[in-house]
Amino acid sequence: MNKFANRLMNLENTQRTTTTNIATPSAIFGTAGTLSQSLDDRPKHRIGMWPCISKDAPELAMSFLTVLALYLERWQSVRVYRLFTNLNDVDVNNLSWDISQSQFEVEDWHVEGLDENIGLWGTLNKADNQKWELSIELEKDEMDHADENTYLKFNADTVISLIEQIPDIARAIVKEIGIDTSVMSMPLEMPDDENSLKQLLSKVLKWQVDLSLLLWGKDWSEDDVTRTHNAIIESAKSIGGGFAVWVASGVTAHAMKPGYGDVSNTIKELAPNVIEKLDNHVTASRLIGSALYRAGRVEEAYKILEESVAINKQDPAVWITLAELYRRSSRLEKAIDTFQRAIEVDAVNDILYLRYANLLNYMTYENTQVDTFVLCNVSALNGQYIEHEIVEAYEEALKLEPDSTKSIYEQQISYLSSLGLYERLWKQFEKLVKLPDSAESVR
């Protein structure tokens, strides 16, 4: 089995590796048992991402793919294998990479042993009218038309407008794959200066290439790692805005995966300083805090996110992230408290209310006690406080998103029925039957 493929598939492996021993299979892959477990836990949709070919702007094309990969992995069922450098039979420690080495066709490299079930590659060129034309080709084993690849076409007037389309492009891809397209909204506040954007993207691409070379076995000193990473953070800071922070935070979080060995450890040590350099931006706190949590630095992650909710009191996303991490650690009382604190300061959206309702619902099945309620008037009730709180949480979510899924209406109606609140039940039932068919998809 190809060593590079193994390393890609085991980036999430909790065993630590170093840049000096990364070529030792046992240090990366563990025992046969741990490898089997990692394969059983692998995401459902595993995208092999081959290069985007461009005769006009190859570096831009590959930078675009680097950012697209980050966005696609916002869906929990998606993992992207970045196949940006084919270096079979190359002495990587004597290699000076240039963009031509990331401009090969998919037919040029079959990655032996890689477990991808989706292939993605593309082209980016300028048309006669000087507009950018992007073509993405998808190959998926499970598609009904598996014998025919799918082509997605996009156009853009400028580099900025091309990058700005990444959320829509990612949704088009996951829709074609068969994944629900809904993820927590994240508008990308784009910079005004195209040259600054290109410089940031170029640094991000080089960073990803260096990570790939590391997996091929190339040495990468701690000083070089720190210097290269710092250049990305400084570039993002100088540009400012949501997109630059998201990209810098995203590549930072990705590099914390334990399969990157000593690089992962170096970046984890830099993480708090990165957030500070990015002005404690909520996106930096969320992405880097979550990555630290996954890396086992749980208390550090909580500290970062608690500090972030204190600074960004009105941002629902950071409250949701903090509550979800408490929930994953079975700190259910802390998770409930986090949701309730968010509701009390009106840092809410429909997703926050739904997550709160779902957690309360879980606690009813576990017979876990809840002592505090923020949505229902306990003094006017004779019991079943959790159930009433769940009803009100669903109610608030549906006020914010009335065209939500039918399943959410059905869950609320079920609770209304059990509580004997029949007048409210029939009002919600009337809304349910009027929902369009598109409301079937789960948010």
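Please read these numbers as outputs of a predicted model, since none were measured by experiment.

Side note on the overall build of the protein chain
No. 1: Helix and strand counts for the protein chain stand at 18 helices and five strands.
No. 2: Counting every position in the protein chain, which comprises 443 residues, the buried fraction comes to 53%.
No. 3: Restricting the contact set of the protein chain to residue pairs at least 6 apart, pairs at least 24 apart contribute 65%.
No. 4: When the accessible surface of the protein chain is split by element, carbon and sulfur atoms take 45% of a total near 20,100 Å².

Looking at the nonpolar core
No. 1: By size, the foremost hydrophobic cluster in this structure holds 137 residues, and its most contacted members are F64, L68, L72, I136, I173 and F243.
No. 2: Setting aside its immediate chain neighbours within four residues, L68 contacts M49, I136, I166, I169, A170 and I173.

Let's talk about the side chain of H254
No. 1: Its place among the elements puts H254 in helix α9 (residues 242-255).
No. 2: In this structure H254 comes out as buried when scored by relative accessible area, which is 6%.
No. 3: Contact partners of H254, with chain neighbours within four places excluded, come to L11, E73, R82, Q208, L211 and Y260.

With respect to the pairing of strand β1 (residues 45-53)
No. 1: Counting buried positions over the nine residues of β1 gives eight, a clear majority of the element.
No. 2: The sheet contact formed by β1 and strand β2 (residues 78-82) spans five bridges and is parallel. If you follow I47 over to β2, its bridge partner there is V80.
No. 3: Taking the sense of rotation as the criterion, the β-α-β connection linking β1, helix α4 (residues 58-72) and β2 turns out right-handed.

Thoughts on the environment of A170
No. 1: Mapped onto the secondary structure, A170 falls in helix α6 (residues 166-177).
No. 2: Separated by 97 residues in the primary sequence, A170 and E73 have C-alpha atoms spaced 9.5 Å apart.
No. 3: Leave out the neighbours within four places in its chain, and A170 touches L68, Y71, L72 and W75.

Let's talk about α4
No. 1: Between its first and last C-alpha atoms α4 spans 21 Å; for 15 residues at 1.5 Å apiece the expected length is 21 Å, and the two agree.
No. 2: Burial of α4 is extensive: 13 of the 15 residues sit out of reach of the surface.

Here we look at the packing of aromatic side chains
No. 1: Overall, the coordinates contain 13 aromatic pairs when judged by the stated rule.
No. 2: Taken together, a centroid distance of 5.8 Å and an interplanar angle of 70° make the contact between F104 and W109 edge-to-face.
No. 3: Judged by its relative accessible area of 2%, W109 falls in the buried class.
No. 4: Pairwise contacts between aromatic rings join F4, F104, W109 and W216 into one cluster.
No. 5: The ring of Y71 has R74 sitting right over it, with the charged end atom 5.0 Å from the ring centre.

Rules behind the numbers
- Residues numbered from 1 in each chain as written.
- Predicted model: local features only at pLDDT ≥ 70, side-chain atom pairs only at ≥ 80, totals over all residues.
- Heavy atoms only, no water.
- Helix = DSSP H or I, 4+ residues; strand = E, 2+ residues; numbered from the N terminus.
- Buried < 20%, exposed > 50% of the residue type's maximum accessible area, 1.4 Å probe, protein only.
- Contact = heavy atoms within 4.5 Å.
- Areas by Shrake-Rupley, 256 points an atom, 1.4 Å probe, with all protein chains shown as cover.
- Core = buried A, V, L, I, M, F, W, Y, C linked by side-chain atoms within 4.5 Å.
- Pairing = 2+ DSSP bridges.
- Right-handed = clockwise from strand over helix to strand, strands pointing away.
- Expected span 1.5 Å × (residues − 1).
- Phe/Tyr/Trp six-rings, centres within 6.5 Å; stacked < 30°, edge-to-face > 60°.
- Lys NZ or Arg CZ within 6 Å of the ring centre and 35° of its normal.

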